[in-house]
Amino acid sequence: MDNLVKDLFEVGALKFGTFKLKSGIESPFYVDLRVAVSHPRILKQIAAAFLKGIREHQVEFDLICGVPYTALPFATAIALEGNIPMVMCRKEQKDHGTRRTVEGQYAPGSRCLIIEDVVTSGSSILEVAESLVSQGLKVTSAIVLLDREQGGRDVLRAMDIELFSVYGITGMIEALQNMHLIDSLKAETVYAFLQKSQIIPADAKRQPSRIPQELGSESSMSPIRDQLYAISRRKKSILCVAADVESAEELMSIAEDVGPHICVLKLHADIIRDWATETPKRLQEIAARHDFLLFEDRKFADIGSTVVAQFGSGTHRIASWAHITNAHALPGPGVIDGLRQACESSGRMVGLLLVAQMSSKGNLIDGRYTESCLRMARDAFPFCIGFIAQERMDPTGKLFVMAPGVQLEAKGDGLGQQYNTPEHLLKEKGVDFLIVGRGIYAAPEPWQGRTKVQGTILEYPSIEYRETLF
Ligand code: 5BU
């Protein structure tokens, strides 16, 4: 086994130094197993190492599937060496032909073992698992050549996938040290890095939100998401107020009153009867003064070319002032492409949320639709930064959830709206932000004119409040 570690090191598949990762974080080591395809001898050794791991762990399965792209040749080599049937999972869905996401022949209900090259957060394995399961396969385990030991195993366990590994980074570092290929200083730097870059084990539905601490302190590829997390930390708030009022004056008055307590003000510009050119400018001024973002709840749901115009033009010219907007995934990725294009033309960055679930009674969204939203959103990150939903969507926490339908009492409004309590959504459902409308601006004991906001829902959705729940 150590021969393989040595060979990987010598062909540059394992590098030590300072490397900037996709997330912007600097890592003292870098793993690039793609180079293995240029060395048939190493590829054979990799297949043998996987087969040994599979035997030792007594993993039970009927067929294998590699995570595209790096693990595809690994899975092929394992299939050949071990005489094991394989399926292939597409990274992109075809727009023509069979529309299948899994290629190959298999009996429904077959157990598929996922093969991966390196695991950090486990999100790539989860994506493949989702595709496989949606095509009738069972996924209960995955095996990886190198586990970076940053918490991906726990993320996968929370989703009922057992992760086996041929190497853990610690064992690999020890082997390299024993062979005098790296010195103890390098080893210590790697250990220190691993310790501080642990991904929180995501018992997906029940973990407290990671926004204020872990994720918030990392810089991401999305400036809007960074801005939102920074505001959330600064103001210790996870509250978005939905100001569904009909006049610009009422809107400004709510914005001024709740401004100090919120991180986002959500509006429906098309409800305002006297919307004028200066309305967004006034909102922007209040938002800047009180430190919150503006979210136009437009729920775009048309073909790409139409949403380009709806987003950028018309009376509301949303792309010119909103920080966040949302869309239904129903039309397919074209709706996202259209919104992105309108953003690029306006020269402003706007963050997109996909509506993955709704709070209204009898809505037609089902589990498969929600899963497709998750896939579409992942493909569209960092333009797409999260969801409107009723529960945590992305166990890695990269994409956050804002939940509407919140009041202190879990009842309805007589027109289909179903309310949940802040406790339920935060503690049981693992959402990140709460959207509250009438629970605040139409509360029986209104917040207006009070020196303190005690006694209304406004005081609940704070970071401290959430922390008391866990
Ligand atoms: P409420 O007054 O707290 O019920 O307002 C909820 C807001 O969230 C309102 O603006 C709705 O348009 C919005 N909403 C929702 O209630 N449920 C959903 O599933 C979605 C949006 Br999507």
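Basis of the calculations
Every chain is numbered on its own, with residues counted from 1 as its sequence reads. Owing to the predicted nature of the model, reporting of local features is limited to residues with pLDDT of at least 70; listing and counting of side-chain atom pairs is limited to 80 or more, with chain, interface and lining totals taken over all residues. Each side-chain value is derived from all of the structure's non-hydrogen atoms; neither hydrogens nor water enter the calculation. Under the scheme used here, helices are H or I runs from DSSP no shorter than 4 residues and strands are E runs no shorter than 2 residues, and both carry numbers assigned from the N terminus. It only takes one pair of heavy atoms within 4.5 Å for two residues to be counted as in contact. Reported accessibility uses the Shrake-Rupley method at a 1.4 Å probe radius. Residues are deemed covered only where the shown protein chains occlude them. Salt bridge, as applied in this entry: a Lys or Arg side-chain nitrogen positioned within 4 Å of an Asp or Glu carboxyl oxygen. Residue proximity to a molecule or strand is established when one non-hydrogen atom of the residue lies within 4 Å of it. We define a polar contact as two N or O atoms separated by no more than 3.5 Å, with the added condition that, inside protein, one atom must be a possible hydrogen donor and the other a possible acceptor, whereas residues neighbouring each other in sequence contribute only through side-chain atom pairs. Note on residue classes: Ala, Val, Leu, Ile, Met, Phe, Trp, Tyr, Cys and Pro are nonpolar, Asp, Glu, Lys and Arg are charged, and everything else, Gly too, is polar. The rule for pairing is simple: two strands pair if DSSP sees at least two bridges between them. Only the stretch in contact is used when a helix axis is fitted, and all axes are lines through C-alpha atoms; the angle between N-to-C directions ranges over 0 to 180 degrees. Geometric relationships in this document are graded by angle, where less than 35 degrees denotes roughly parallel, more than 145 denotes roughly antiparallel, 65 to 115 denotes roughly perpendicular, and other angles denote oblique. Using a 1.4 Å probe on the protein chains alone, a residue whose accessible area is under 20% of its type maximum counts as buried, one over 50% counts as exposed, and one in between counts as partly exposed.

Undergrad: Give me the overall build of the protein chain: which residues, what numbers.
TA: A count of helices and strands for the protein chain gives 17 helices and 16 strands. A fraction of 68% describes how many contacts in the protein chain between residues 6 or more apart in sequence connect residues 24 or more apart. Here the protein chain has roughly 20900 Å² of accessible surface; of this, 50% comes from carbon and sulfur atoms.

Undergrad: Could you give an account of the pattern of salt bridges, naming the residues involved and the relevant values?
TA: Counted according to the given criterion, the structure contains 23 salt bridges. The network of salt bridges with shared partners includes E127, E130, R375, R378 and D394.

Undergrad: I'd love a proper account of the site of the ligand, names of residues and values included.
TA: Every one of the 16 residues lining the ligand counts as a neighbour, but D244, K266, S359, Y419 and R438 are closest to it. Measuring from an oxygen atom of the ligand, one finds a side-chain N or O atom of Y419 at 2.6 Å. Taking G437, its main chain carries an N or O atom lying 2.8 Å from an oxygen atom of the ligand. Notes on the ligand: free accessible area 490 Å², of which the protein chains cover 91%. Residue classes in the shell around the ligand are distributed as 7 nonpolar, 4 polar and 5 charged.

Undergrad: Any details on the sheet that holds strand 10 (residues 264-267)? Residues and values, ideally.
TA: Around the barrel, 8 strands lie side by side as 9-10-11-12-13-14-15-16; this closed barrel has parallel pairing. Adjacent strand axes in the sheet meet at a mean angle of 30 degrees when their direction is disregarded. Relative to strand 10, strand 9 (residues 239-242) is paired through 3 bridges, and the arrangement is parallel. Bridge pairing links C240 to V264 in strand 10.

Undergrad: Explain the packing of helix 10 (residues 248-258) against helix 11 (residues 278-290) to me, using residue names and the numbers behind them.
TA: Running from N to C, helix 10 and helix 11 point in directions that differ by 10 degrees, and their axes come no closer than 10 Å. As the angle between them shows, helix 10 and helix 11 are arranged roughly parallel. Residues A248, E249, L251, M252, A255 and E256 of helix 10 pack against T279, R282, L283, I286, R289 and H290 of helix 11. Split by residue class, the contact of helix 10 with helix 11 holds 6 nonpolar, 2 polar and 4 charged.

Undergrad: Tell me about the environment of M88, and please be specific about residues and values.
TA: Among the structural elements, M88 can be located in strand 4 (residues 86-89). We classify M88 as partly exposed; its relative accessible area is 40%. Expressed as a C-alpha distance, the spacing of M88 and C65, which sit 23 residues apart in the sequence, is 5.7 Å. Apart from the residues within four sequence positions on either side, M88 is in contact with C65, L72, T101, V102 and E103.

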